[in-house]
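Descriptive analysis of the structure
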Amino acid sequence: MNIYFECNMGAAGDMLASALVGLFDDRDAIIAKLNSLALPDTKIEYGEKSQGGIVGAHLNIVIGGEVETPDTHHYHHHHAHRNLGEVLEIVDALNVNGKVKADVRAIYTIVAEAEAKAHNEPVGEVHFHELGMLDAIADITICAFLMNELQPAHVSCSPINVGGGTVKCAHGVLPVPAPATANILVGVPYYKSEIQTELCTPTGAAVLKYYADEFTEMPDFAGVKKIGIGAGTKELERANIVRAFLCDDNSVTELACNVDDMTGEEIGFAIEVMMNSGALDCFATPVMMKKGRPAYMLTVLCSAADTDKFVRLMFKHTTSIGLRKYTPSRYTLDRTFREESGVQIKRSEGYGTVKEKIEFEDIKKLALEKDISVFEARKELRIES
């Protein structure tokens, strides 16, 4: 399964956590699991909130009997400030597995480095004002725990709406996106909008930067299984929500390169390596390059999760010094196999279509055994089956 985050109204940690909760069928069970994580002095309550007529999940993080809000942790200075080491001590004590702890630590490191750059101080000396509060620790831990539960093969995200205007925080009035958020979003597509408030928080930006394999416009969702909606606290002129789409893995990566200095045998070997390494398909197409040079275009189709693996393989087994990457969607029929009279028959079904064919290896085996053509062998097997 894949997850796609739609962040047309930005992203905050609590909104992302709430959207992810919406992807689970048994809501009570997942909330019980979240309350077993041993977040200090923290209770997680499930709620719902309507934003622009759209009802979404809204997790309440109750700390010491008080529901934390953005305004609470911006202005209530009686809360202790924490440095990164102190935050990580809390993380190490959580009742979660090592992978989740590592994810939370990595996300906080992204935030710490961004804050350190914004304030020109060493990472270890950064004090988290808003982000060090227990509600922020809860938001990041919930996101990490739920992503670990879902185990998506690929995570993608829309360009992020950061809002506009200014935001008040412990350091004063800052432009949107705030300096730390802007540092986190380096390399991430985002845009400002007419909505005069902070829509993307450092916590939300860090979670998305850590988990997203790519930032792209909404892909083709032919196989959406579930949609989780996380509702924000702020009442705005547009529905203040983040949506998480859980969908079939129908997006693939297409890698291509042109080579004019490889022999046919070398191209054939490269294709063999790609297919043996798990490529969905690999083929070579004759093309004409500049100056009239004959060449091949080598194309590899692979799952999005295997993109880096096949980039490395293509550079290793071809003479190319540059690859092109595309992200198409594909439609596939469901495939099953059955055996009849010792012969494997593949059945492909879906979209109102049913197709059946005998596996070629069985046809080839019979042709060799009887010293006949594959055409005659296929005919014989069709009659027998």
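See the structure printed just above.
Strand order in the open sheet formed by three strands is 21-22-23, with antiparallel pairing between adjacent strands. Looking at the sheet topology across the chains shown, the edges are occupied by strand 21 (334-340) and strand 23 (353-358). Between one strand axis and the next, the sheet turns through 20° on average, direction left out of account. Bridging between strand 21 and strand 22 (residues 343-350) involves seven bridges; their strand directions are antiparallel. Across the sheet, Asp-334 pairs through a bridge with Glu-349, a residue of strand 22.

Time to look at the sheet that holds strand 6 (residues 66-67). Read from one edge of the open sheet, three strands run 2-5-6, paired in antiparallel fashion. At either end of the open sheet lies a strand with only one pairing partner, and these are strand 2 (42-45) and strand 6. In this sheet, strand 5 (residues 60-63) lies alongside strand 2 in antiparallel orientation, the contact comprising four bridges. Considered in strand 5, the bridge of Glu-45 is made with Asn-60. Each of strand 2 and strand 5 is contacted by helix 6 (residues 134-150), which is oriented at about 135° to strand 5, the strand it contacts most.

Let's shift gears to helix 4 (residues 84-92). Listed in full, the buried residues belonging to helix 4 are Leu-84, Val-87, Leu-88, Ile-90 and Val-91. Looking down the long axis of helix 4, one finds its buried residues gathered within 150° of arc, a one-sided arrangement.

This paragraph deals with the packing of helix 4 against helix 5 (residues 98-119). Between helix 4 and helix 5, the least distance of the axes is 10 Å, while the angle of their chain directions is 165°. Comparing their axes, helix 5 and helix 4 come out roughly antiparallel. For the pair helix 4 and helix 5, the sense of crossing is right-handed. Here Leu-84, Val-87, Leu-88, Val-91 and Asp-92 of helix 4 come into contact with helix 5, specifically with Lys-101, Val-104, Arg-105, Tyr-108 and Ala-112. Its residues assigned to classes, the contact of helix 4 with helix 5 comprises seven nonpolar, no polar and three charged.

Cut-off values and rules
- Position numbers for residues count from 1 along each chain, tracking the sequence in the order it is written.
- Given that the model is predicted, a residue must reach a pLDDT of at least 70 before its local features are reported, and side-chain atom pairs must reach 80 or more before they are shown or counted; all residues, however, enter totals for whole chains, interfaces and linings.
- Heavy atoms throughout the structure, all of them, feed into the side-chain values; hydrogens and water do not.
- By this definition, two strands are paired if DSSP reports at least two bridges between them.
- The secondary structure listing takes helices from DSSP runs of H or I that are at least 4 residues long and strands from runs of E that are at least 2 residues long, numbered from the N terminus.
- Working convention: axes come from line fits to C-alpha atoms, limited for helices to the stretch in contact. Angles between N-to-C directions cover 0 to 180 degrees.
- Working rule for contacts: check all heavy atoms of both residues, and any pair within 4.5 Å makes them a contact.
- Relative accessibility decides the category of a residue: with a 1.4 Å probe and only protein chains considered, values under 20% of the type maximum give buried, values over 50% give exposed, and everything between is partly exposed.
- Think of it as the arc spanned by the lines of direction from the helix axis to the C-beta atoms.
- Between 65 and 115 degrees an angle is taken as roughly perpendicular, under 35 as roughly parallel, over 145 as roughly antiparallel, and anywhere else as oblique.
- Definitions for this section: a left-handed crossing has its near helix turned counterclockwise from the far helix by less than a right angle. A right-handed crossing has that turn clockwise.
- Note on residue categories: nonpolar means Ala, Val, Leu, Ile, Met, Phe, Trp, Tyr, Cys or Pro, charged means Asp, Glu, Lys or Arg, and polar means any other residue, Gly included.

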